[in-house]
Amino acid sequence: MSRLIYLDNAATTQVAPEALDAMLPYFTEYYGNPSAIYGFAGKAKGAVEEARRILAEGIGAKPEEIYFTGSGSESDNWALKAAAEAYAAGGKHIITTKIEHHAVLHTAEYLEKNGFEVTYLDVDEKGIVSPDAVKAAIRPGTILISVMMANNEIGTVEPIREIGAAAKEHGILFHTDAVQAFGHLPIDVEEMNIDLLSASAHKLNGPKGVGLLYIRQGLKLRAFLHGGAQERRRRAGTHNTPGIAGFGKAAELAFRNMEQRAAYETKLRDYLIGRVLTEIPYTRLNGDRENRLPGNASFCFRFIEGESLLILLDQNGICASSGSACTSGSLDPSHVLLAIGLPHEIAHGSLRISLSEKTTKEEIDYTVDKIKEIVERLRNMSPLYEDFVKKSDGKDREAG
Ligand SMILES: *Cc1c(COP(=O)(O)O)cnc(C)c1O
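Throughout what follows, the structure given in this document is the object of discussion. (Residues numbered from 1 in each chain as written. Predicted model: local features only at pLDDT ≥ 70, side-chain atom pairs only at ≥ 80, totals over all residues. Heavy atoms only, no water.)

## Topic: the overall build of the protein
So, step 1. In terms of helices and strands, the protein carries 15 helices and twelve strands.
So, step 2. Taking 400 residues into account, the globule formula puts the C-alpha radius of gyration at 21 Å, and the protein, at 22 Å, falls close to it.
So, step 3. Across its three principal axes, the protein shows a C-alpha extent of roughly 75 × 55 × 35 Å.
So, step 4. With 400 residues in all, the protein has 58% of them scored as buried.
So, step 5. Sequence separation of at least 24 residues holds for 73% of the intrachain contacts in the protein that already meet a minimum separation of 6.
So, step 6. Accessible area of the protein: about 17100 Å², with a carbon and sulfur share of 53%.
So, step 7. Treating the 45 positive side-chain charges of the protein as one cloud and the 54 negative ones as another, the clouds have centres 2 Å apart. (Helix = DSSP H or I, 4+ residues; strand = E, 2+ residues; numbered from the N terminus. Rg over C-alpha atoms; globule rule 2.2 N^0.38 Å. Buried < 20%, exposed > 50% of the residue type's maximum accessible area, 1.4 Å probe, protein only. Contact = heavy atoms within 4.5 Å. Areas by Shrake-Rupley, 256 points an atom, 1.4 Å probe, with all protein chains shown as cover. Lys, Arg positive; Asp, Glu negative; His and termini not counted. Charge placed at Lys NZ, Arg CZ, Asp CG, Glu CD.)

The following block contains the structure:
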């Protein structure tokens, strides 16, 4: 019984063997600095530029609009801080949402401490940001809108096209944290009117520690890291050649297989959701039933603690998450679950299962059987549950 079932692909993914193969030559063979003049560095430079070309093409951008960074978090920090600074002369108001990743939320809070005013938009009960709410929040002095493309906890896909159109109409910069969507959903920065976009390799079977920021040509954003002249003087630091090569290869595979992969994951996800909701009472699905990331299923089980469920799943070799890696270790329920209107006691019983194209139906069946068993066991130890069952005769099977 030492099997491992990995169902936390929203937190990070396994590096694809092809991506690893693409990386290896740049450690010991072509280890030259891509910025060097001599011919020996040419291979390394070529790998960086080939990755840049693939990544740009996949989202309808130009290669010179792609800037390599050290992570999705860095890209989010750069986008918000540099855009705020560059456009401050036009005003100091920023619009974002209550369900962003902490890389955006905490950066927005930092900007608030430095004289900017931030509107954090509410979402509906499915986690959808209304384009009308975005429009209503725009005022003279609004310089930046940042709305994520898909939520990392509950999987909801946002109406980015409509929000981008609203931003364009008012001449306001539009940033999207596309870390969960990149390589998983079709993206076109032109059609979607995106000015700034963050992505990260390790969420699409690439290596950890490499991300990108798409910056629309013509935007005058300052450098994020000062130093050498890398990345057209906007992001200093010797290129992570292996990481970038791995990012490019992982993205190439992801773009090529996107439709097929999404179809497979969606089918398996819907099977999982169907089983959990019909077989485990007092359970709710978080996020939109259809309009969600192919690999994401997020639940709340009433009368239990998500953390206890995770520990017992782990004892059965199952890796899952309560929602966000950033909230584990803290007793606060997730800001996303609170934003969709869940009371604290229900938000505490959350479980996020995120699939990959390698997840099998057999693994899902085993996992659902275990969840069922564990939830029942935990509830049988809960005084709240005992009270509830006595009072309601078990009539109301919906949670929340
Ligand atoms: C994972 C994630 C990030 C952070 O990316 P890192 O590369 O891990 O820093 C940012 N936003 C979203 C939506 C994410 O899922």
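## Details of the site of the ligand
So, step 1. Around the ligand there are 13 residues in total, and Ser73, Asp177, Gln180, Ser200 and Lys203 lie nearest to it.
So, step 2. Contacts to the ligand include glycine 72, whose backbone N or O atom sits 2.8 Å from an oxygen atom.
So, step 3. Note that an oxygen atom of the ligand is positioned 2.7 Å from one of the side-chain N or O atoms of serine 73.
So, step 4. For the ligand, the accessible surface in isolation is 380 Å², of which the surrounding protein chains cover 88%.
So, step 5. In terms of residues, the shell around the ligand owes the most to one element, helix H4 (residues 72-87), which gives three residues. (Near = heavy atom within 4 Å. Polar contact = N/O pair within 3.5 Å; in protein donor to acceptor, adjacent residues only side chain to side chain.)

## Section: the nonpolar core
So, step 1. By size, the foremost hydrophobic cluster in this structure holds 62 residues, and its most contacted members are Ile145, Phe182, Ile187, Ile194 and Leu197.
So, step 2. A total of seven residues in this core trace back to one element, the largest contributor, which is helix H9 (residues 241-256).
So, step 3. The residues touching phenylalanine 182, leaving out its near neighbours within four places in the chain, are Leu55, Ile59, Ile187, Leu197, Ala199, Leu204, Leu212, Phe247, Ala251 and Phe255.
So, step 4. Listed in part, the 28 residues of the second largest apolar core include Ile280, Ala297, Ile318 and Leu351. (Core = buried A, V, L, I, M, F, W, Y, C linked by side-chain atoms within 4.5 Å.)

## Quick look at the packing of aromatic side chains
So, step 1. Counting across every chain of the model gives twelve aromatic pairs.
So, step 2. With centroids separated by 5.1 Å and ring planes inclined at 85 degrees, the aromatic side chains of tyrosine 282 and phenylalanine 388 adopt a geometry described as edge-to-face. With tyrosine 282 in the loop between helix H10 (258-279) and strand S9 (283-286) and phenylalanine 388 in helix H15 (residues 383-392), the pair connects residues that are 106 residues apart, well separated along the chain.
So, step 3. Here the aromatic rings of phenylalanine 303 and phenylalanine 388 are separated by 4.8 Å at their centres, their planes lie at 45 degrees, and the arrangement is tilted. (Phe/Tyr/Trp six-rings, centres within 6.5 Å; stacked < 30°, edge-to-face > 60°.)

## Section: the sheet that holds S9
Hydrogen bonds between backbone atoms are what pair the strands of a sheet, whose relative direction is either parallel or antiparallel.
So, step 1. Pairing is antiparallel across the open sheet formed by three strands, whose spatial order is S9-S10-S12. Since the sheet does not close on itself, it has two edges, and those belong to S9 and strand S12 (350-354), each with one partner. Each strand axis lies, on average, 25 degrees off the axis of its neighbour in the sheet, ignoring direction.
So, step 2. Here five bridges tie strand S10 (residues 296-301) to S12, and the two strands are oriented antiparallel to one another. Within the sheet, the bridge partner assigned to asparagine 296 lies in S12 and is serine 354. (Pairing = 2+ DSSP bridges. Axes fitted to C-alpha atoms, helices over the stretch in contact; angles between N-to-C directions.)

## Things to note about the sheet that holds strand S5 (residues 142-146)
So, step 1. Strand order in the open sheet made by the seven strands is S2-S8-S7-S6-S5-S3-S4, with mixed pairing throughout. The sheet is open, and its two borders are formed by strand S2 (66-69) and strand S4 (117-121), each paired with just one other strand. Here the strands of the sheet are splayed against their neighbours by 20 degrees on average, with no regard to which way each runs.
So, step 2. Pairing geometry for S5 and strand S6 (residues 173-177), over three bridges, is parallel. Within S6, the position partnered with serine 146 by the bridge is histidine 175.

## Brief notes about helix H5 (residues 102-113)
So, step 1. The terminal C-alpha atoms of H5 lie 16 Å apart, and with twelve residues this matches the ideal 16 Å at 1.5 Å per residue to within 8%.
So, step 2. Looking at H5, one finds that the buried residues are His102, Ala103, Val104, Leu105, Thr107, Ala108 and Leu111.
So, step 3. Where H5 is buried, its residues touch H4, strand S3 (93-97), S4, S5, S6 and helix H12 (335-339).
So, step 4. Looking one or two residues beyond H5, the residue adopting positive phi is glycine 115, at roughly 95 degrees. (Expected span 1.5 Å × (residues − 1).)

## Describing the packing of helix H11 (residues 306-315) against helix H14 (residues 361-380)
So, step 1. Orientation of H11 relative to H14, taken along the N-to-C sense of each, is 130 degrees, at an axis distance of 10 Å. The angle between H11 and H14 places the two elements in the oblique class. As for the relative orientation of H11 and H14, their crossing is right-handed in sense. Listed contacts from H14 to Ser308, Leu309, Leu312 and Leu313 of H11 are Lys370, Ile371, Ile374, Val375, Arg377 and Leu378.
So, step 2. When the residues that make up the contact of H11 with H14 are grouped by side-chain class, the tally is seven nonpolar, one polar and two charged. (Parallel < 35°, antiparallel > 145°, perpendicular 65-115°, else oblique. Left-handed = near helix turned anticlockwise from the far one by under 90°. Nonpolar A, V, L, I, M, F, W, Y, C, P; charged D, E, K, R; others polar.)

## Remarks on the pattern of salt bridges
So, step 1. Inspection of the entire model under this criterion finds 29 salt bridges.
So, step 2. One salt bridge connects lysine 98 with aspartate 122, and the closest N-O pair in it is separated by 2.5 Å. Of this pair, lysine 98 sits in the loop between S3 and H5 while aspartate 122 sits in the loop between S4 and helix H6 (131-137), and the two are 24 residues apart along the sequence.
So, step 3. Residue lysine 249 pairs with glutamate 252 through a salt bridge whose shortest N-O separation is 3.5 Å. Of this pair, lysine 249 and glutamate 252 are both found in helix H9, three residues apart, which corresponds to roughly one turn of the helix.
So, step 4. Relative accessible area serves as the criterion here: at 23%, glutamate 252 is assigned to the partly exposed category.
So, step 5. Several salt bridges converge on common partners, so that one network encompasses Arg275, Glu279, Lys361, Asp365, Asp369 and Lys372. (Salt bridge = Lys/Arg side-chain N within 4 Å of Asp/Glu carboxyl O.)

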